[in-house]
Amino acid sequence: MVNRLWLPATLALAISACGDPSNGGNTGSNATSAEPQTTASATVTSTTTAPEPLSIDYEKFTLPNGLRVIVHEDRKAPIVSVGVWYHVGSKDEKPGRTGFAHLFEHLMFNGSDNYDDEYFKPFEQAGATGMNGTTWLDRTNYFETVPSNALDMALWMESDRMGHLLGVITQEKLDEQRGVVQNEKRQGQNQPYGKVWEKLQAAIFPSGHPYSWSTIGSMEDLNAASLDDVHQWFKQYYGAANTVLVLAGDIDVATAKEKASKYFGDIPAGPPLTRKDSWIAKRDQSTRDTMYDRVAQSRLYKVFNTPNLGHADEEAISVAAAVLGDGKNSRLYQRLVYEDQIATSVNVALYEFELSSMFQVIADAKPGVELSEIESAINEELQQFLQEGPTKEELARVNMSEYAAYARDLEQVGGWSGKGVILARGELYFDNPNAYLESLTEKQQLTPDQVKVAANEWLSSGDHILEVHPFPEYKTAEASADRSKLPELGDFPSVPFPEVQTAEMPNGLKVILAERHSVPVVNMEMKFDAGYAADQGAKLGTSSYAMSMMKEGTTHLSALEIAAREEMLGARIDTDAGLDTASVSLNALTSNLDDSIDLFTDVLLNPAFSDEEIERKRSRWIAGIQQEKTKPVQMALRNIPPLLYGADHAYSIPFTGSGTEDSIASLTRDDLVNYHRTWLRPDNATLIVAGDITMPQLMEKLEKNFADWRAPQAAKPVKNLTEVALPEKSSVYLIDKPGAEQSIIIGGLLAPSEKIAEREALHMMNDILGGTFTARINMNLREDKHWAYGAYSFFTGAKGQQPLLVYAPVQTDKTSESLAELQKELRGYIGSAPAKASELQKLKDKRINELPGRFETIDAVAGALSSMVTYERPLDYMDGYADEVRNIDLDQVHELAKQTIKPDRFVWVIVGDKEKIAGGVEKLGIGNLTELDADGKPLATQVNAATSDG
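The structure reproduced in this document is the subject of the present report. (Residues numbered from 1 in each chain as written. Predicted model: local features only at pLDDT ≥ 70, side-chain atom pairs only at ≥ 80, totals over all residues. Heavy atoms only, no water.)

**Focus on the overall build of the protein**
So, step 1. On a plain count of helices and strands, the protein comes out with 33 helices and 25 strands.
So, step 2. Computed over the C-alpha atoms, the radius of gyration of the protein is 39 Å, more than 25% above the 30 Å expected from 2.2 N^0.38 for a compact globule of 950 residues.
So, step 3. By principal-axis analysis of the C-alpha atoms, the protein measures approximately 110 × 70 × 70 Å.
So, step 4. Residues classed as buried in the protein amount to 56% of the 950 residues present.
So, step 5. In the protein, the share of contacts with a sequence separation of at least 24, taken over all contacts with a separation of at least 6, comes to 80%.
So, step 6. Distance from the positive charge centre (91 side chains) to the negative charge centre (137 side chains) of the protein: 3 Å. (Helix = DSSP H or I, 4+ residues; strand = E, 2+ residues; numbered from the N terminus. Rg over C-alpha atoms; globule rule 2.2 N^0.38 Å. Buried < 20%, exposed > 50% of the residue type's maximum accessible area, 1.4 Å probe, protein only. Contact = heavy atoms within 4.5 Å. Lys, Arg positive; Asp, Glu negative; His and termini not counted. Charge placed at Lys NZ, Arg CZ, Asp CG, Glu CD.)

As structure tokens, then:
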């Protein structure tokens, strides 16, 4: 069968009452609903005579306030149908406020200024029938049929809620109806296939399309609706000029004019409204989805976006839908249900709206039949229809069927599908009360070819398939596992680190190899003792900029040619700079290793540093620095190193490595060439290799590519990594970020080098304090106080003294309190609350037990070797790692904590809204509070606490 938005009789009952036809519920207050039912199709022959056109006599007038009134006189019974149709539906909502049209429809039944009681009471007393209200995508309507003597009461009630409503809409009523609507949504979704409609709308319409959300809305949006939203909705859409009033039955025009003017004439018109004419959102690509539901049968939906109401192809598509899926003589029923017997039901549901329409083929699979078989049969029938078009007999049959349904509905003045409904829809959507009846006559004139052409335009591509399957029936076995305790872990397997081989080339290049033949891949990293620290005495950012330029072209290849070679070889070449080192790395397939090493060598030894590429990158780089100065964490990381190390240390640089705007603006090709020549030399490098290669094979390839690489005569450069004394007392620096929703607190203190023998114990000491999710700092500020999403402490890693950083992004109004808690944690850790044996054991177990999975990949092995080289650890370091961890004792952790953590000598940098946080921070008395600009320059000796209320 074909379900259309405006169909009469049982179909109109099933569809009009529902906002979401698929959910079995409704969006009308107290409305009943039913599944759409099949309308019987009469047998039609080619000789059937076209019926006389149907029409409804009416008169139409408009009140001065814009209210349109349609009057139809029918004196067969002393009753009058009253219909009030507002041209507003769920398409007029905004994302984040979905379900609002329907929620408001419910509120319209909760009393008005002059009748603050249940709306149904006087109507029940008057013997009203067919009374309800419904909401749909394009409109909201309210209707009732009353005895003639109750007409004044009905008009008084309708006009009172149209013009006199807001005074009685209270928060209590809003909350009550919100709950009713949410339960209505639950009830609908609890029905078989009840979640389909919402899923289909979201799938076939693009994001932001007014039909992409369901009329009943989302639970979150319904919860977000406020009393002010309700008032604004009423004022915008419930004016007289946005409304059609239909009076049909025992009434004449003169009486209608007098009563409409009396009850509605004083109601404001409302603001002028603009509307989209159409947004069909025709789809070109086919998509599909699957869902599961508590249903007895699998169901297939095949959906197209088709023309909107009033479109030139609209009538032809509706006829095509009827031919394909209306009744037992339809093509799909004949094929799937009658002949192949693979489906128990099939129909085409065509939902026609103002912006677009939805053409749905819906088929329920016979038990034991796969939906793929159903889909194939549907596709075959559809393709045949697109190739041949309908026959004249088919057109005559479906047109007569629809005509007959309308003819029967003309007997009734109101209800769900009577003359009042037909007139109202025609006026609302077409400014023509008889529009739907005239459409019947126009369809009689359609030729098979016209229907075929329209069907090919809209049904040949862009379908969306949704499969709905019953939940699988699974069975559970009897419980056999002991749930009273966790199973013992047993003995962990030993995980030997690959044997490390070493060599050295005549030019001073040290070579380290860990063979791993599990996959045909080789990792190579040429690591240089350079990095950001090499910028000391040069222009800040030189190291990072130079390394980033090495793949921007060599003396032989352009940047694009390098990239193309990488893709052809399946290789990856990366260049990078860190605090202490710079590196050029290669990940290559064994089969293409020679050519990959050739490319790697060219990038490493022959960078072009062309002026053109330098300039191409410069503006982007400077923009990146400027972005760093707006990001709280980067702002702190740029400014804390000089405060920790002083002016002359190699680490007294922004830890982002990007430099400054001035330094990058002045950077020249000579600067980059000089950096490359000075630092990227063989006697200052170690080549770290891991993967599918032996040492003889490797050395042969290195001789070929690097034999002519020579170190310059000048001595290797040296960085100033001398030890820096801690400050005598703490200091606090503030970087103002007006309007910041969070304060970023970063505390820094110089700690021992990453090279020390007690490195593992040092890191465990920190992990207990703040290095893991369950560490003390995070448990305090996140889990206990809820002031931060996460708060941690960590070592940055460095060959010289490394910073211990405490990091806490906290809500602005808890900035000083959070800083006080951090101070408390630091003091307690070296005082009254030292590390516990249980805390240490948990970390030791984790470190040892994760070893089996730690070095599964070549990348992981290479990374471990790289760390050993950077921090000058012995190459057999991993062989004794597990024993080293096991032997760390609590006294060692306590001693390292006391040696390292000095709460009264931290440097604190806080990025936040100065006006809101400065006073509170200063009152803590941690140290002088100095304001810095984004470049780390002091703005004043001390921030005036009077600028903040604390």
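**Remarks on the nonpolar core**
As a rule of thumb, soluble globular proteins bury nonpolar side chains together.
So, step 1. Counting 139 residues, the largest nonpolar core has Met524, Met526, Tyr675, Leu698, Leu702, Tyr829 and Trp908 as the members making the most contacts within it.
So, step 2. Leu698 has contacts with Val511, Leu513, Met524, Val689 and Ile693, leaving out every residue within four places of it along the chain.
So, step 3. With 52 residues, the next largest nonpolar core counts Met131, Ala154, Met162 and Val253 among its residues. (Core = buried A, V, L, I, M, F, W, Y, C linked by side-chain atoms within 4.5 Å.)

**Let's talk about the sheet that holds strand 7 (residues 243-249)**
So, step 1. As summarised here, the arrangement of the 6 strands in space is 2-3-7-4-6-5, forming an open sheet in which the pairing is mixed. Of all the strands in the sheet, the pair left with one neighbour each is strand 2 (59-62) and strand 5 (129-135). Going from strand to strand, the sheet's axes swing by 15 degrees on average, the running direction of each strand aside.
So, step 2. Two strands pair when backbone bridges link them, and strand 4 (residues 79-86) and strand 6 (residues 140-147) are joined in this way by 8 bridges, in the antiparallel orientation. (Pairing = 2+ DSSP bridges. Axes fitted to C-alpha atoms, helices over the stretch in contact; angles between N-to-C directions.)

**Let's talk about the packing of helix 10 (residues 314-325) against helix 13 (residues 392-409)**
So, step 1. At a minimum axis distance of 9 Å, the contact between helix 10 and helix 13 shows a crossing angle of 100 degrees. Here helix 10 is positioned roughly perpendicular relative to helix 13, judged by the angle of their axes. Across the interface between the two elements, Val319, Ala322 and Val323 from helix 10 touch Glu394, Leu395, Arg397, Val398 and Asn399 from helix 13.
So, step 2. Each residue belonging to the contact of helix 10 with helix 13 can be placed in one class, and the counts come to 5 nonpolar, 1 polar and 2 charged. (Parallel < 35°, antiparallel > 145°, perpendicular 65-115°, else oblique. Nonpolar A, V, L, I, M, F, W, Y, C, P; charged D, E, K, R; others polar.)

**Examining the pattern of salt bridges**
So, step 1. What the rule picks out here adds up to 55 salt bridges.
So, step 2. Measuring nitrogen to oxygen at the nearest pair gives 2.8 Å for the salt bridge that ties Arg776 to Glu839. Linking Arg776 in helix 26 (residues 776-784) with Glu839 in helix 28 (residues 837-849), this pair joins segments that are 63 residues apart in sequence. Side by side, Arg776 and Glu839 carry an identical accessibility label, which is buried.
So, step 3. One salt bridge connects Glu821 with Lys824, and the closest N-O pair in it is separated by 3.0 Å. Of this pair, Glu821 and Lys824 both sit in helix 27 (residues 815-829), 3 residues apart, roughly one helical turn. (Salt bridge = Lys/Arg side-chain N within 4 Å of Asp/Glu carboxyl O.)

**Let's talk about the side chain of Asp767**
So, step 1. Following the sequence through the fold, Asp767 ends up in helix 25 (residues 759-771).
So, step 2. Note on Asp767: relative accessible area 12%, which makes it buried.

**Things to note about the packing of aromatic side chains**
So, step 1. Under the defined criterion, the tally for this structure stands at 26 aromatic pairs.
So, step 2. On the basis of an interplanar angle of 75 degrees and a centroid distance of 6.1 Å, the ring pair of Phe304 and Phe359 is categorised as edge-to-face. Of this pair, Phe304 sits in strand 9 (residues 299-306) while Phe359 sits in strand 11 (residues 357-365); the two residues are 55 residues apart in sequence, bridging distant segments of the chain. Residue Phe304 shares its accessibility class with Phe359, and that shared class is buried.
So, step 3. Residues Phe906 and Trp908 carry aromatic rings whose centres are separated by 5.3 Å and whose planes lie at 20 degrees to one another, so their mutual orientation is stacked. (Phe/Tyr/Trp six-rings, centres within 6.5 Å; stacked < 30°, edge-to-face > 60°.)

**Digging into the pairing of strand 14 (residues 510-515)**
So, step 1. Pairing of strand 13 (residues 500-504) with strand 14, which is carried by 5 bridges, proceeds in the antiparallel orientation. Pairing of Glu504 across the sheet is with Lys510, part of strand 14.
So, step 2. Connecting strand 13 to the antiparallel partner strand 14 that follows it, the hairpin turn spans 5 residues, and Gly508 within it adopts a positive phi of roughly 95 degrees.
So, step 3. As defined by bridge partners, strand 14 adjoins strand 18 (residues 685-691) across 6 bridges and the pair is classed as parallel. The partner of Val511 across the bridge, within strand 18, is Leu687.

**A closer look at helix 4 (residues 151-163)**
So, step 1. Taking 1.5 Å of rise per residue, the 13 residues of helix 4 would be expected to cover 18 Å, and the 18 Å separating its terminal C-alpha atoms lies within 8% of that figure.
So, step 2. Buried residues of helix 4: Leu151, Ala154, Leu155, Met157, Glu158, Ser159, Asp160, Arg161 and Met162, and no others.
So, step 3. Elements in contact with the buried residues of helix 4: strand 4, helix 3 (120-126), strand 6, helix 8 (227-237), strand 7 and helix 9 (253-264). (Expected span 1.5 Å × (residues − 1).)

**Focus: the sheet that holds strand 16 (residues 572-577)**
So, step 1. Taken in spatial order, the 6 strands of this open sheet run 13-14-18-15-17-16, and their pairing is mixed. Two strands close off the open sheet at either side, each with one partner strand: strand 13 and strand 16. The mean angle between the axes of side-by-side strands here comes to 15 degrees, regardless of whether they run parallel or antiparallel.
So, step 2. Together, strand 15 (521-529), strand 16 and strand 17 (581-589) form the strand contacts of helix 19 (residues 593-605), whose direction differs from that of strand 17 by roughly 160 degrees.
So, step 3. Packing of helix 30 (residues 858-870) onto the sheet brings it into contact with strand 13, strand 14, strand 15, strand 17 and strand 18, and relative to strand 18 it is tilted by some 160 degrees.

**Considerations on the packing of helix 10 against helix 16 (residues 448-459)**
So, step 1. Contact geometry for helix 10 and helix 16: axes closest at 8 Å, N-to-C directions at 90 degrees. Looking at the two axes, helix 10 sits roughly perpendicular to helix 16. For the pair formed by helix 10 and helix 16, the contact residues are Ala316, Ile317, Val319 and Ala320 on the first element and Gln450, Val451, Ala454, Ala455 and Trp458 on the second.
So, step 2. A breakdown of the residues in the contact of helix 10 with helix 16 according to their chemical character gives 8 nonpolar, 1 polar and no charged.

**Observations concerning the pairing of strand 7**
So, step 1. Among the 7 residues in strand 7, 7 count as buried, and that is most of the element.
So, step 2. In the sheet, strand 3 (residues 68-73) pairs with strand 7 via 6 bridges, with the strands oriented parallel. When the sheet's bridge partners are listed, His72 is paired in strand 7 with Ala248.
So, step 3. Where strand 4 and strand 7 come together, 7 bridges link them in antiparallel fashion. In the strand pairing of strand 7, Val82 is matched with Leu247.

**Let's talk about unusual backbone geometry**
It is generally the case that most residues other than glycine have a negative phi and that most peptide bonds are trans.
So, step 1. For Ala281, which is not glycine, the phi dihedral falls at a positive 55 degrees.
So, step 2. Here Ala281 lies in the loop between helix 9 and strand 8 (287-293).
So, step 3. The residue Glu872 is not glycine, and still its phi comes out positive at about 55 degrees.
So, step 4. Within the fold, Glu872 resides in the loop between helix 30 and helix 31 (881-886).
So, step 5. The exposure class assigned to Glu872 is exposed, which follows from its relative accessible area of 51%.

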